[in-house]
Structure formats: structure tokens, C-alpha cells
Amino acid sequence: HDIKHHISISIPSSTEVMSPHIKSVEELRVLGINLSSFSAPVQFFICVAGVFLFYLIYGYLQELIFSVEGFKPFGWYLTLVQFGFYSTFGLIELQLTQDKRRRIPGKTYMIIAFLTVGTMGLSNTSLGYLNYPTQVIFKCCKLIPVMIGGIFIQGKRYNFADVAAAVCMSLGLIWFTLADSTVAPNFHLTGVLLISLALCADAAIGNVQEKAMKIHNGSNSEMVLYSYSIGFIYILAGLLCVGGLGPAVAFCSEHPVKTYGYAFFFSLTGYFGISFVLALIKLFGALVAVTVTTGRKAMTIVLSFMFFSKPFTFQYIWGGLLVLFGIFLNVYSKNKDKMKLPSIKDFRGWLRRGKKVRFLSQDV
């Protein structure tokens, strides 16, 4: 048992946990890039670019794996393998950092892991009941449960502009994503319940992560290592109970390159994507992070316009404008004091003037 000497994860004593960390202005590293030296907009841009880039590849690889003949029923096994890889990458990244202490209490990780696995399970099961447009509608509305979660879990306060921004963005994203959809959404009750639960769990994850990272100042790699390794144990236990492990292992050992090979790269890009999402959560909060990951979908569509001449309809413009308006509202509510917007009084004045003009034009 030589392993013990090589891998060191020290768990701090209770006094260490209680003491406020001296390195409170911690440098934030993502994939070895030190982000704390950049200004906030640059940090934001780097994170968003990272999320978009890695999740695009991630989505592509995911489709590749599921296109392997006969792989469809082994979704949970893929998740297990993915969690295994995530834990390994997290462990490697932790070994490369100087500070190996676990900052965030184990109980928090158990909650996060439970929610993560729950989200995946619920949303995967709901896919059987709901068609694509319905899934999009629910996924795009994720901002709203995240806000509610922020109020309850972190005691945040949101003003009217924030709420309006979230609603506008959600509606705009739905409009944009479904602009060319000919299929009507089907609201199957079981599916709706499952996906709603998944969204609530998902909304809780971001908020719990944000709170934990703020209070205990944990690192990204630590967050990934513990939450996914505990999730790995949960899924493994579940698969053993259901007996879904045997056939999956048998199938994957027949096509090792196509399953494990793809899964490796799939997990690697997913891991990088998660690192950037966690950086966003740490720097800008859960709401911004979810906005970015939700906007990823719209980004894929924009790219498919550029690369695969996709038929264009005006719906895209309206949906896109609504999203931009939501983003504007969001920026506005953050910098209220710096920006002066016309008040309701001004609008009333304009309306009156407009009416007068209209009456005059009607007389002619």
C-alpha cells in the first residue's frame, strides 16, 4: 500500500476551520491561469469564452457517444464514468496546488453531490415524457428558480429590475431557441413534475456552491473533487441496487475506444467547462453563471447560422432582442446610480404627446 505516501489530502482540525483564512484575497486560478490579476470585465469575458468553448465541444462529444450503436440504455453508466474522470481530474489539480486542505465541510459536499445526481436523474428521466421544445422552455426558465434559491439559501435581495431581467431573458431564450420549431411543446404532467424538481435542485446547487465558496473560500478543484467523488459513490450504489452495472460494463468492454475513449475527452471538456462555471460563481454569483450557461444554447444556434446555413426567421431577431433587453436590465440594476433611465412620468409625457400627434394626423 504505497499509495498513501503519494496522495495527500489533509483535513483541517476544527480550530483551523474556525479561524478566518489569512489568504482571504485568494488568487483565483482556472486551469492554471491566474484570473485575479485581470479586471472584472476581462475575467468575465475569459470565463464566458471558456464556458462556451468547452461546453460546445462537450455537447458534440456527448452526441458522438450516444450515436454509438446500442449505447442508449447506458446513460447512467456514462455518468458514473464521467464522475469518475471528474474526481480524478479534480484530484490531479488539487495535487498541483500548494494548499491541499479541505476548506468546505463534508456535509455541504454530500448535499451538493445529492443535488447534482438528483438533477441528472430527474432531467434524464423527464426526457422520456417531454419533447425537445418543452425541455427548452423549462431549461431556459432556470434563472427564475436560481433567483428564488438565492433569496432563500443566501438571503439575497433582488429588485424589480433584476426580476424583470430574469423573466425577459428566459422568455427571449425560449423564443430564440424555438423560433424554427414546428413541434408544439407537450406538457406531460409526470415529465413537467420531474423537470421542475430537477430545476429546483439545479437552482439550489449554484446557490449552495456560491455560499460555500464565499464562506469557506474553497477552491474549484476541491469543489469538483469532493462533490463528484461523493456523487460517484451515490450512482455506483444506485447502479448496484438496480443491477445495471453488468450489461453496461460488458457493452463498454466490447467497444472500449468508442465508449471510454470518447468519455475521457467528453469528461475532460466537461471538467474544463465546470472549472469556468465555478469561477463565474465565485466571481459574479450563481445568477450570472446560470445566465451564461443558459445563454450557451442560444450561442449554439448562432453558430449553426454561421456554419450550417440554417433557415433564418424574424422570430430569432425578436427573441434575441428580448434577451439583450434582459441583459441590459441586469446591467442597469447593478449600476443604477450611474445610469439614469426615463421614469414612468417621462413615459406618460411621451404617451400624451404621441396621442396628440396621432389625433392631429387622424384629422387630416
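The protein appears in an unreviewed UniProt entry as Adenosine 3'-phospho 5'-phosphosulfate transporter 2 from Oryzias sinensis. Taken directly from UniProt, the Sequence similarities (unreviewed entry) text for the protein runs: "Belongs to the nucleotide-sugar transporter family. SLC35B subfamily."

S.K.: Tell me about the packing of helix α12 (residues 256–284) against helix α13 (residues 286–307), residues and numbers included.
M.R.: Contact geometry of α12 with α13 gives a least axis separation of 7 Å together with a crossing angle of 145 degrees. Two packed elements cross with a definite hand, and for α12 against α13 that hand is right-handed. Between α12 and α13, the residues in contact are Val277, Leu280, Ile281 and Phe284 and Ala286, Val288, Ala289, Val292 and Thr293, respectively. Of the residues belonging to the contact of α12 with α13, the class tally is eight nonpolar, one polar and no charged.

S.K.: Go over the nonpolar core, please, and point to the residues and values.
M.R.: Counting residues in hydrophobic clusters, the biggest one holds 59 residues, and the most contacted among them are Phe71 and Tyr77. Those elements that place two or more of their residues in this core are α3 (40–66), α4 (75–96), α5 (106–126), α9 (189–216), α10 (220–242), α11 (245–254), α12 and α13. No other element matches α12, which puts ten residues into this core. Core analysis: the second largest hydrophobic core is formed by 21 residues, Leu143, Ala166, Leu173 and Val290 among them.

S.K.: Got a sec to walk through empty space enclosed by the protein? Specific residues and values, please.
M.R.: Per the stated rule, a full pass over the model turns up one cavity of 30 Å³ or more. In this structure, the largest cavity occupies an estimated 30 Å³ of space. Contributing to the lining of the largest cavity are Leu143, Met147, Asp162, Ala166, Met169, Leu287, Thr291 and Asn330. For the lining of the largest cavity, the elements supplying multiple residues, two or more each, are α7 (143–153), α8 (160–177) and α13. When residues in the lining of the largest cavity are grouped by element, the largest group, three residues, is from α8. Among the residues making up the lining of the largest cavity, the classes are represented as five nonpolar, two polar and one charged.

S.K.: Please provide a residue-by-residue account of the layout of surface pockets, values included.
M.R.: When its volume is computed, the second largest pocket comes out at roughly 800 Å³. Lining the second largest pocket are 24 residues, and of these Phe44, Met169, Thr291, Val292 and Ile327 sit closest to its centre. Contributions of two or more residues to the lining of the second largest pocket are made by α3, α8, α13 and α14 (314–334). Taken together, the residues of the lining of the second largest pocket break down into 18 nonpolar, five polar and one charged.

S.K.: Before we move on, could you go through the environment of leucine 225 and cite the residues and values that matter?
M.R.: Looking at the element boundaries, leucine 225 is found in helix α10. Assessed through its relative accessible area of 7%, leucine 225 is described here as buried. Once the C-alpha coordinates of leucine 225 and leucine 94 are considered, the two residues, 131 residues apart in sequence, prove to be 8.3 Å apart.

S.K.: So, α3: which residues are in play, and what are the values?
M.R.: Here α3 spans 38 Å end to end across 27 residues, near enough to the 39 Å set by a 1.5 Å rise per residue. Each element contacted by the buried residues of α3 is listed here: α4, α12 and α13.

S.K.: Give a detailed account of α13, specifying residues and quantitative values.
M.R.: For α13, built from 22 residues, the straight-helix expectation of 32 Å at 1.5 Å per residue is met to within 8% by its first-to-last C-alpha distance of 31 Å. Largest kink in α13: about 30 degrees, centred on lysine 297.

S.K.: Lay out the packing of aromatic side chains with the relevant residues and their values.
M.R.: Here the distance between the centres and the angle between the planes together describe a pair of aromatic rings. Enumeration according to the criterion identifies 20 aromatic pairs in this entry. Centre to centre, the rings of phenylalanine 85 and phenylalanine 264 are 5.4 Å apart; their planes meet at 75 degrees, and the pair counts as edge-to-face. With a gap of 179 residues between them, phenylalanine 85 in helix α4 and phenylalanine 264 in helix α12 connect regions that are remote in the sequence. Given a relative accessible area of 21%, phenylalanine 85 falls into the partly exposed group. Measuring from centroid to centroid gives 5.2 Å for phenylalanine 264 and phenylalanine 265, while their planes differ by 80 degrees, and the two rings are edge-to-face. With relative accessibility at 29%, the residue phenylalanine 264 sits in the partly exposed group.

The rules we used
- Residues numbered from 1 in each chain as written.
- Predicted model: local features only at pLDDT ≥ 70, side-chain atom pairs only at ≥ 80, totals over all residues.
- Heavy atoms only, no water.
- UniProt positions renumbered as here; feature names shortened; annotations may be inferred.
- Axes fitted to C-alpha atoms, helices over the stretch in contact; angles between N-to-C directions.
- Helix = DSSP H or I, 4+ residues; strand = E, 2+ residues; numbered from the N terminus.
- Left-handed = near helix turned anticlockwise from the far one by under 90°.
- Contact = heavy atoms within 4.5 Å.
- Nonpolar A, V, L, I, M, F, W, Y, C, P; charged D, E, K, R; others polar.
- Core = buried A, V, L, I, M, F, W, Y, C linked by side-chain atoms within 4.5 Å.
- Buried < 20%, exposed > 50% of the residue type's maximum accessible area, 1.4 Å probe, protein only.
- 1 Å grid on protein atoms, 1.4 Å probe; cavity = no way out; pocket = protein on both sides within 12 Å on 5 of 7 lines; lining within 4 Å.
- Points joined across faces, edges and corners; volume = space filled by probe spheres on them.
- Expected span 1.5 Å × (residues − 1).
- Bend = angle between axes of the 7 residues up to and from the residue.
- Phe/Tyr/Trp six-rings, centres within 6.5 Å; stacked < 30°, edge-to-face > 60°.

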